[in-house]
Amino acid sequence: MAPPSIRPPGPPLRAQNAFVVYGGVRDRNVIHVVAWNSWATVDGPENWTSYNGIEVDPYYVWVFGKGGIACVSHASLINCRQGKIARPRWIYHDFDKQFRAPEVKSLFPCVDGTLLVGMLGDIYTADYQINRQAGRVVTSAWTKRGGDAKQVIKMPIPAWSVLKSLEANLENA
């Protein structure tokens, strides 16, 4: 389960038995939202002209590209799609000064509260929190992991907690 610092209020989308599909077209700044047997387009992040890709987690839709990283809650996209609000409430990430306007080529938001990105010819990770009031994705310092990738995915290791407890028991024996 995701840490409370990254979850918006309310249940995740999958708990609502709603079937929603998101899509995008590279080099455009709209999100296609298909729900309830109809589709609509919703504006992407303000002041962006395009993005490289979309990722979806149980709470947010993430876009990334030359503008960096931005996310929006499923509820905000659906409310905009239904005409209840004029624009979705995008939440933006401000990169550290060590990165001058990096183009994010690949992004994977992880349920453990970390972001995995491919940018500047390397792979980086950082812990993150969502500050909804400020409209910002706040990260720890980015850690360079090496390698170059066109797409990154971080998968949970189901037995990791068992391995860690075994290691602790062996150290205490």
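Now for a look at the structure at hand. (Residues numbered from 1 in each chain as written. Predicted model: local features only at pLDDT ≥ 70, side-chain atom pairs only at ≥ 80, totals over all residues. Heavy atoms only, no water.)

**Some points on the overall build of the protein**
Item 1. On a plain count of helices and strands, the protein comes out with two helices and twelve strands.
Item 2. Listed N to C, the secondary structure of the protein is β-β-β-β-β-β-α-β-β-β-β-β-β-α in terms of helices and strands.
Item 3. Within the protein, the proportion of its 173 residues that are buried is 45%.
Item 4. Of the contacts formed within the protein by residues at least 6 apart in sequence, a portion of 47% connects residues at least 24 apart.
Item 5. Put simply, the protein shows about 10,200 Å² of open surface, and 53% of that area lies on carbon and sulfur atoms. (Helix = DSSP H or I, 4+ residues; strand = E, 2+ residues; numbered from the N terminus. Buried < 20%, exposed > 50% of the residue type's maximum accessible area, 1.4 Å probe, protein only. Contact = heavy atoms within 4.5 Å. Areas by Shrake-Rupley, 256 points an atom, 1.4 Å probe, with all protein chains shown as cover.)

**Overview of the pattern of salt bridges**
Item 1. Within this structure, the stated rule accounts for four salt bridges.
Item 2. Residues Arg87 and Asp43 are paired through a salt bridge, measuring 3.0 Å at the closest nitrogen-oxygen approach. Linking Arg87 in the loop between α1 (74-81) and β7 (91-93) with Asp43 in strand β3 (residues 38-43), this pair joins segments that are 44 residues apart in sequence.
Item 3. Overall, Asp43 belongs to the partly exposed group, its relative accessible area being 37%.
Item 4. A salt bridge links Glu46 to Arg87; its shortest N-O distance comes to 3.7 Å. A residue pair is termed long-range when its members are at least 10 positions apart, and Glu46 in the loop between β3 and β4 (53-56) and Arg87 in the loop between α1 and β7 qualify at 41 residues.
Item 5. When salt bridges that share partners are traced, they join Asp43, Glu46 and Arg87 into one network. (Salt bridge = Lys/Arg side-chain N within 4 Å of Asp/Glu carboxyl O.)

**Some details on a nonpolar patch on the surface**
Item 1. Together, Phe19, Val21, Val34 and Trp39 give the surface a local cluster of nonpolar side chains, amounting to about 460 Å² of exposed area.
Item 2. Structurally, the position occupied by Val34 is in strand β2 (residues 30-35). (Patch = residues over 30% accessible without salt bridge, like charges linked within 9 Å, V, L, I, M, F, W, Y side chains within 5 Å.)

**Focus on the side chain of Ser50**
Item 1. Secondary-structure assignment places Ser50 in the loop between β3 and β4.
Item 2. If we ignore the near neighbours within four places in the chain, the residues touching Ser50 are Asp27, Arg28 and Asn29.

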